[in-house]
Amino acid sequence: MSTTSNEVSGSAVPITVAYGDGIGPEIMDATLRILNAGGARLAPEVIQIGRAVYDRGITAGIEPVAWESLRRTKVFLKAPVTTPEGGGFKSLNVTVRKTLGLFANVRPCLSYEPFIATKHPGMDMVIVRENEEDLYGGIEHRQTDEVTQCLKLISRPGTERVVRYAFEYARRYGRRKVTCFTKDNIMKQTDGLFHQVFDEVAIEYPDLTSEHMIVDIGAAKMANTPEQFDVLVLPNLYGDILSDVAAQIAGSVGLVGSENIGSEVAMFEAIHGSAPKRAGQNMANPSGLLLAGVRMLVHIGQGDVATRVQNAWLRTIEDGVHTYDIYDPSRSKAKVSTSEFANAVIERLGTKPQVLKEVSYPVHSPPIVAKPRERPRAHKELVGVDVFVEWLGSPEALGKDLEKLSSPELRLVMITNRGTKVYPGGISETFCVDHWRCRFQNPNGIGKVTHEEIIALESRLVTAGLPPIKTEGLFTFDGKPGFSLGQGQ
Ligand code: IPM
Ligand code: MG
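This one's a predicted model, so the numbers in the text were calculated from it and none came from an experiment. (Residues numbered from 1 in each chain as written. Chains lettered and ligands numbered in written order. Predicted model: local features only at pLDDT ≥ 70, side-chain atom pairs only at ≥ 80, totals over all residues. Heavy atoms only, no water.)

### Digging into the overall build of the chain
Assigned secondary structure in the chain consists of 14 helices and 20 strands. The principal-axis extent of the C-alpha atoms belonging to the chain is close to 80 × 55 × 45 Å. For the chain, long-range pairs separated by at least 24 residues make up 77% of all intrachain contacts whose partners lie at least 6 apart in sequence. On the chain, roughly 21,400 Å² of surface is accessible, and the fraction owed to carbon and sulfur atoms is 53%. Across the chain, the 54 positively charged side chains and the 58 negatively charged ones have centroids separated by 2 Å. (Helix = DSSP H or I, 4+ residues; strand = E, 2+ residues; numbered from the N terminus. Contact = heavy atoms within 4.5 Å. Areas by Shrake-Rupley, 256 points an atom, 1.4 Å probe, with all protein chains shown as cover. Lys, Arg positive; Asp, Glu negative; His and termini not counted. Charge placed at Lys NZ, Arg CZ, Asp CG, Glu CD.)

See below:
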């Protein structure tokens, strides 16, 4: 990461700042005021993103000049933005993360017992969420009258770099265990790859314990005994959901700041949303954005300032000066507004927490490097095709029609409806919709097929009034099938 090279010793570091929507401007004001009072040397370039930009008809919510600033400063402190509901608008968060290659989203969720109520006093976990892939690709289609789909994409390099980042992070911060959650008993290819890469990378870190859990039971354990977890590495969607759960059971989603790390650029933000209902009332808790700002200071080589600010924040929490969201009459001493909270932190600059663990960052922390390894590419062979068609009749009638359209090289092997085999040998209880996946393979089991044969098949389907919605090639990689079987097959 090149951010430390941006720093000219003693002089201000250019950063890009977005005040966002809803409560964004209030919590950004509070955050910058505290950081500056703490001695941060920052030269903010303010960009406009979110509502104002969407309202000008720019569906991405961000303009070219903003990208220029981000690519120049490579450091982004971002307040929450509101994504307009309904079709046509893109989530700006996701666009920024993916466009700038911010592959790891790091979310520390820890309890501040006895000062903030939690059922889990011993909780201290860091979620490292994959940030670019999975169902967040936003590649969705309505394919038939009745059926929509969303592509779940998991890549080996994308997984490898986030998993390596999690292990490197664990080493850097003296943590002992890295846990991975997937649902690879169901998604054997996509989640299966994430799990496999996790196991491969874990071998390189014998000093750390590694474990994998299926996400349902893992999530249940996380909600019940979060103190048993240390660093967690999760695919994007599970990471999104479980980081809110973890933050909330630790105390509040309002207390977690996140770093979105790329190999060039990094973005720092709270994990919560723009809370439009609370906007303009000077009520919101700025802690999530402030703690993100602290991580930004560590990132740009101002770890001394980060230490001062975070310790003052911890002391404020200990002193019971709390915003409404964490206020609890039995623990808190004063219910304060956003700006009063910022003042309270500023007053405590130079002090340390007395009960909670104080932090101490080195002034300069070298970036955590997590690059995928070079590896030979597998030998790939085309061995069949899944053709998806829209059809309103019975599976048997469709099967009979398709048998007639088979060729010696491409024979109908099965038809599934939403993944369940319905031909040959389906049963009448299976509920079917208008979307059918028809698998054609070489009759001698897995054998080579050509693209020309597939195109010829598609052409016969069109002529027969069964135009494909889409086709999906079936490939083997070094002889191993790269596709799932149908349920019941
Ligand atoms: C988060 C948020 C975002 C996400 C939304 C705002 C797109 O929930 O940062 O966790 O889903 O990643
Ligand atoms: Mg979220």
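### Focus on unusual backbone geometry
Cis geometry marks the peptide bond from E113 to P114, where omega comes out at 5 degrees. Mapped onto the elements, P114 comes out in the loop between β4 (102-110) and β5 (124-130). P424 follows Y423 through a cis peptide bond whose omega is -10 degrees. Even without a glycine there, the phi angle at A275 is positive, about 40 degrees. Tracing the backbone through its elements, the reader meets A275 in the loop between β12 (266-270) and α10 (287-299). Located in the positive-phi region is R418, a residue other than glycine, with phi close to 50 degrees. Of note, R418 is situated in the loop between β16 (411-417) and β17 (420-423).

### A look at the side chain of T307
Residue position: T307 is located in helix α11 (residues 303-318). On the basis of relative accessible area, T307 is assigned to the buried category, the value being 13%. Here the side chain of T307 touches Y361 through a polar contact of 2.9 Å, landing on its backbone nitrogen. What T307 contacts, discounting residues up to four positions off in sequence, is V359, S360 and Y361. (Buried < 20%, exposed > 50% of the residue type's maximum accessible area, 1.4 Å probe, protein only. Polar contact = N/O pair within 3.5 Å; in protein donor to acceptor, adjacent residues only side chain to side chain.)

### A few points about the domain arrangement of the chain
Along its sequence, the chain is organised into domain 1 (1-100 + 276-287 + 298-361) and domain 2 (380-481). Just the C-alpha atoms count here: the centres of domain 1 and domain 2 sit 53 Å apart. (Domains from an automatic or database assignment.)

### Things to note about the site of ligand 1
Close contacts around ligand 1 come from S91, V94, R97, R107, R129, Y136 and D240, and that covers them all. Separating an oxygen atom of ligand 1 from a side-chain N or O atom of Y136 is a distance of 2.6 Å. Computed on the free molecule, ligand 1 has an accessible area of 320 Å², of which 75% lies beneath the protein chains in the complex. Of the residues that constitute the shell around ligand 1, the class distribution is two nonpolar, one polar and four charged. (Near = heavy atom within 4 Å. Nonpolar A, V, L, I, M, F, W, Y, C, P; charged D, E, K, R; others polar.)

### Side note on the packing of helix α2 (residues 24-37) against α10
Interaxial distance between α2 and α10 falls to 9 Å at its minimum, and their mutual angle equals 40 degrees. Taken together, α2 and α10 sit at an angle that is classed as oblique. Of the two possible hands of crossing, α2 and α10 adopt the one that is right-handed. Only L289, L290, G293, V294, M296 and L297 of α10 make contact with α2, whose side of the interface consists of I27, M28, T31, I34 and L35. (Axes fitted to C-alpha atoms, helices over the stretch in contact; angles between N-to-C directions. Parallel < 35°, antiparallel > 145°, perpendicular 65-115°, else oblique. Left-handed = near helix turned anticlockwise from the far one by under 90°.)

### Looking at the sheet that holds strand β15 (residues 380-390)
Strands in a sheet are paired, the pairing made by backbone hydrogen bonds, and the direction either parallel or antiparallel. The antiparallel open sheet is built from six strands, whose spatial order is β17-β16-β18-β15-β19-β20. A strand with exactly one partner marks an edge of an open sheet, and here the two such strands are β17 and β20 (480-481). (Pairing = 2+ DSSP bridges.)

### As for the pairing of β12
In terms of burial, β12 is largely enclosed, as five of its five residues are buried. Residues A266, F268 and A270 line one face of β12 and the alternating positions M267 and E269 line the opposite face, and both faces are buried. For strand β3 (residues 75-78) and β12, the ladder comprises four bridges, and the chain directions are parallel. Bridge pairing in β12 places V75 opposite A266. The sheet contact formed by strand β11 (residues 257-262) and β12 spans five bridges and is antiparallel.

### Topic: the environment of A166
Its location among the elements puts A166 in helix α6 (residues 156-172). It is 7.5 Å that separates the C-alpha atoms of A166 and L232, two residues lying 66 residues apart in sequence.

### A word on the confidence of the model for the chain
In the predicted model, the chain carries a mean pLDDT of 94, and 97% of its residues have values of at least 70. The model gives residues 1-8 a pLDDT under 50, and that stretch makes 27 contacts with residues more than four places away or in other chains. (pLDDT = per-residue confidence, 0-100.)

### Notes on the environment of K357
On the secondary structure map, K357 appears in the loop between α12 (338-347) and β15. Along the sequence, K357 and N311 sit 46 residues apart, while their C-alpha atoms lie 8.8 Å from each other.

### Comments concerning the sheet that holds strand β10 (residues 231-234)
The strand order across the open sheet formed by 10 strands is β2-β1-β3-β12-β11-β4-β5-β10-β8-β9, and the pairing between neighbours is mixed. Strand pairing shows two members of the sheet lacking a second neighbour, β2 (42-47) and β9 (209-214), which therefore form its edges. The average undirected angle you get between the axes of adjacent strands in this sheet is 25 degrees. Relative to β11, β4 runs antiparallel, the two being bridged by four bridges. Residue N105 lies in a different strand from β11, and its bridge partner there is N260. Helix-sheet contacts for α2 involve β1 (13-18), β2 and β3, and the interaxial angle to β3 is about 130 degrees.

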